[in-house]
Amino acid sequence: MSRAPLDLAPEERLIFALDVPGRVQALEWVERLGDSVRFYKIGMELLASGEYFQVLDDLAARGKRVFVDLKFFDIPATVAGVVRGLGRWPVSYCTIHGWHPAMMQAAAEANAGDMRLLAVTVLTSMDGHDLRSMGISGEPEAIVVDRALKAQAAGIDGVIASGLEAGPIRRATGAGFSIVCPGIRPGGPAGDDQKRSVGVARAFADGADAIVVGRPIRQAPDPRAAAAAIQSEILTSISSKSNT
């Protein structure tokens, strides 16, 4: 059975994508952003440095939440083993691919701690054309909702999905199922590799629990100010939603 969503403070609903090649750069970003970011996603680029778990511990020691975004996908026994092992670390979110119900069920059964498992539905860099080229028929929204329902049935705690699908997912899964939206572009489409993106307000209005933002903060002239502006927009969004 899926766990309830994390009890996130408003300022923990912004997750910064710490896409860096090593520990030195990771800690520089943590210092640069200060108290404007309290939740960090660490992914595959950092894994190749050999310093992944050092950074994980560094973040936890600084009171930050950690999102392990390695998108596990393998036979059920292997994914169950890595989820079981990862449970020894202070991790709030962890991703697995949402393509294989038996694998998701094995991962859910192996997750004995407080970590929330999120199933990756369809990457935000992909659109309908990309899916069809892979032999997957149907529009992204239908595929995402179907995978979300299968993840929920398998006991997974939530999904990673574009904000474009947050509303349909929320309507299909109901309350109590986590939705985390990456590829957020506060200023609108940025002409990068994100094909299915939305702004901050829409993501939360449609049911997102948290958003992941990388380049709009990292490439800003003042990254801390950019993060603080997003935090302000999040607070306004969730306050408006609670008053409706």
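Quick caveat, the model's predicted, so the values are computed rather than measured.

Caption draft 1: Seen up close, the packing of aromatic side chains. Applying the stated criterion across every chain, the model contains seven aromatic pairs. A ring pair is formed by F39 and Y93, whose centres lie 5.5 Å apart and whose planes are at 10°; its orientation type is stacked. Of this pair, F39 sits in strand β2 (residues 39-42) while Y93 sits in strand β4 (residues 93-97), and the two are 54 residues apart along the sequence. Of the residues examined, Y93 reaches a relative accessible area of 0% and is grouped as buried. An aromatic cluster of at least three residues, connected via ring pairs, comprises F16, W29 and Y40. When the ring centre of W29 is taken as origin, the NZ or CZ atom of R32, which lies over that ring, is 4.2 Å away.

Caption draft 2: Layout of the pairing of strand β8 (residues 210-213). Residues A210 and V212 point to one face of β8 and I211 and V213 to the other, with burial holding for every one of them. Two elements, strand β1 (residues 14-17) and β8, share three bridges in a ladder whose sense is parallel. When the bridges of β8 are listed, I15 appears paired with V212. Bridge analysis of strand β7 (residues 178-181) against β8 gives two bridges, and the strand direction is parallel. For V180, the partnering residue across the bridge sits in β8 and is A210.

Caption draft 3: Quick look at the nonpolar core. Among the nonpolar cores identified, the biggest contains 63 residues, and L14, L18, I42, V159, I169 and I211 are the most heavily contacted of them. Ranked by residues supplied to this core, first place goes to helix α5 (residues 101-110) with six residues. Grouped together as the second largest cluster of nonpolar side chains are twelve residues, L6, L118, V180 and A210 included.

Caption draft 4: Local environment of the pattern of salt bridges. Summed over all chains, the structure comprises twelve salt bridges. The salt bridge partner of R62 is E31, with a shortest N-O separation of 3.8 Å. Taken together, the residues R62 in the loop between α3 (52-61) and β3 (65-72) and E31 in helix α1 (residues 23-33) connect sequence positions 31 residues apart.

Caption draft 5: Summary view of the UniProt feature "active site" (unreviewed entry) in the protein. Annotation from UniProt places "active site" (unreviewed entry) at D69, K71 and D74. When you line up the elements, K71 lands in strand β3. Here D74 is to be found in the loop between β3 and α4 (76-86). The exposure class assigned to D74 is partly exposed, which follows from its relative accessible area of 41%. Excluding residues within four positions of it along the chain, D74 makes contact with V79 and M103.

Caption draft 6: Fine view of the side chain of D58. Within the element layout of this structure, D58 appears in helix α3. For D58, the contacting residues outside a window of four places in its chain are R23 and L27.

Caption draft 7: Inspection of the sheet that holds β4 at higher detail. Read around the closed barrel, the eight strands follow the order β1-β2-β3-β4-β5-β6-β7-β8; overall the barrel is parallel. Each adjacent strand pair in this sheet contributes to an overall mean axis angle of 25°, direction not counted. Here α5 sits on the sheet in contact with β3, β4 and β5 (116-120), set at roughly 155° to β4.

Caption draft 8: How the structure looks around α1. When we look at burial in α1, the residues that qualify are A26, W29, V30 and L33. When α1 is viewed along its axis, its buried side chains cluster within an angular range of 100° and face the same direction. Turned more than 90 degrees away from the buried face of α1, the exposed residues are V24 and E31. G34, located one to two residues past α1, shows a positive phi value of around 55°.

Caption draft 9: Quick peek at the pairing of β3. By the criterion of burial, β3 is predominantly enclosed, with six of the eight residues buried. Pairing analysis gives four bridges linking β2 to β3, with the strands arranged parallel. Paired with K41 across the two strands is F67, which belongs to β3. Where β3 meets β4, three bridges bridge the pair, whose relative direction is parallel. In the sheet register, F72 faces β4, and the bridge partner there is I96. Each parallel crossover has a hand, and for β3 linked through α4 to β4 it is right-handed.

Each value, and the rule that gives it
- Residues numbered from 1 in each chain as written.
- Predicted model: local features only at pLDDT ≥ 70, side-chain atom pairs only at ≥ 80, totals over all residues.
- Heavy atoms only, no water.
- Phe/Tyr/Trp six-rings, centres within 6.5 Å; stacked < 30°, edge-to-face > 60°.
- Helix = DSSP H or I, 4+ residues; strand = E, 2+ residues; numbered from the N terminus.
- Buried < 20%, exposed > 50% of the residue type's maximum accessible area, 1.4 Å probe, protein only.
- Lys NZ or Arg CZ within 6 Å of the ring centre and 35° of its normal.
- Pairing = 2+ DSSP bridges.
- Core = buried A, V, L, I, M, F, W, Y, C linked by side-chain atoms within 4.5 Å.
- Salt bridge = Lys/Arg side-chain N within 4 Å of Asp/Glu carboxyl O.
- UniProt positions renumbered as here; feature names shortened; annotations may be inferred.
- Contact = heavy atoms within 4.5 Å.
- Axes fitted to C-alpha atoms, helices over the stretch in contact; angles between N-to-C directions.
- Arc of directions from axis to C-beta.
- Right-handed = clockwise from strand over helix to strand, strands pointing away.

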